[in-house]
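# Chains, contacts and geometry: an overview
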Amino acid sequence: MSAGFSLYGWLAGLGQGLLRWLLGWWKVLFTGAQVAVLAFSPSSYGPEARSAVLRHIWQAAGPGLPGFTTLMALFNVVLIRILVVTAFSYGLTQYALDAVVRVLVLELIPLIAALFVAVEYTIPGGSELYKLRRGGALEALRARGCEPLSHEVLPRVLAGMFAVLLLALLSCLISLLLAYVAVHGFTLAGLPSYNHAVGTIFNPVVSMIFSMKTLLFALAVALLPVANALRDIPHRGSRTSVELQGLVQMSVLMLVIEVASLIGNYY
């Protein structure tokens, strides 16, 4: 009898956990749909809203931009040198640039940019939003006739997405420039062959997959922390659990996106 009750309890706990998991993702999708509607609504961009969006964009991208670009340049120099020397040592000189662009630009840079923005801005922003909600600030906004999604959520989501896209774009440009210097040196003689090689890699399909992956990374990083801040987590309603929940969901979703992009690029 005890074994039957134990099995029943385990199945009940499993069902409740699955239900919470589904409800969590439903909350994320529902919040994302609301934010998408607001993002494409002209009424969401009044003078006060524009000021809030610009302020959050600066907070998301401005302070970390110099340090991130410097660290990415150093990281690129080290990794490009390793890849180029390895290719040369095995007599695969013609594949050196291909390896650099595919490893750095296509795979690593969007992921690193998204994780940097998540750690520096979106996860702390989600924690701040959670504290505002728990403190009643969002209800106070609603009582004054202001929609919290427009005033507090939309600026954070737009800023997070913008920051990821900006950092990824700058890092890609730096990587492509450093890759050219590493392979051809400080001369313009290799520019035609370099353009041909990079253009061959970035065919229409690969370019579309790369753009969609970067955009989905940006959306995941920007949306998941605020979506978790707007919902209650049973038995673990602390700020830390909200941050952890957002980080776990973000990691799972980014892994799925990365696997899908690898399948699209190489299979």
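Structure first, text after, so check above.
Residues numbered from 1 in each chain as written. Predicted model: local features only at pLDDT ≥ 70, side-chain atom pairs only at ≥ 80, totals over all residues. Heavy atoms only, no water.

## So, helix 4 (residues 96-134)
Because each turn of an α-helix spans 3.6 residues, side chains separated by three or four positions in sequence point in the same direction. Condition: We count a stretch as a helix when DSSP gives it H or I for four or more residues in a row; a strand needs E for two or more, and each element gets its number in order from the N terminus. For a helix, the expected span equals 1.5 Å multiplied by the number of residues minus one. Note that the bend at a residue is defined as the angle between axes fitted to the seven residues ending at it and the seven residues starting at it.
If you check helix 4, its first and last C-alpha atoms are 53 Å apart, about what 39 residues at 1.5 Å a residue would give, namely 57 Å. At A118, helix 4 shows its strongest bend, of approximately 50 degrees.

## Examining the side chain of H56
Quick reminder of the rule: Here, residues are in contact when the closest pair of their heavy atoms is within 4.5 Å.
One can find H56 in helix 2 (residues 47-61). In this structure, H56 is in contact with Y121, P155, R156 and A159, ignoring residues within four places of it in sequence.

## Observations regarding the packing of aromatic side chains
Cut-off, in case you're wondering: Here a pair means two rings of Phe, Tyr or Trp (six-membered ring of Trp) with centres within 6.5 Å. Their orientation is stacked below 30 degrees between planes, edge-to-face above 60, and tilted elsewhere.
Within this structure, the stated rule accounts for 4 aromatic pairs. Ring geometry for Y180 against Y194: centres 5.0 Å apart, planes inclined by 80 degrees, an arrangement best described as edge-to-face. Placement of the pair is Y180 in helix 6 (residues 148-184) and Y194 in helix 7 (residues 191-201), with a sequence separation of 14 residues.

## So, the packing of helix 4 against helix 6
Quick note on the threshold: To get an axis, a line is fitted to the C-alpha atoms, and for a helix only the part in contact is used. The angle between two axes follows their N-to-C directions and goes from 0 to 180 degrees. Put simply, angles under 35 degrees are roughly parallel, angles over 145 are roughly antiparallel, angles from 65 to 115 are roughly perpendicular, and the rest are oblique. If you view the pair so one helix is near and one far, a crossing is left-handed when the near helix is turned anticlockwise from the far one by less than a right angle, and right-handed when it is turned clockwise. Think of it as three bins: nonpolar holds Ala, Val, Leu, Ile, Met, Phe, Trp, Tyr, Cys and Pro, charged holds Asp, Glu, Lys and Arg, and polar takes everything else, Gly as well.
Between helix 4 and helix 6, the shortest axis-to-axis distance is 8 Å and the interhelical angle comes to 155 degrees. Classified by the angle between their axes, helix 4 and helix 6 sit roughly antiparallel to one another. When you trace helix 4 past helix 6, the crossing you get is right-handed. Each residue belonging to the contact of helix 4 with helix 6 can be placed in one class, and the counts come to 24 nonpolar, 5 polar and 3 charged.

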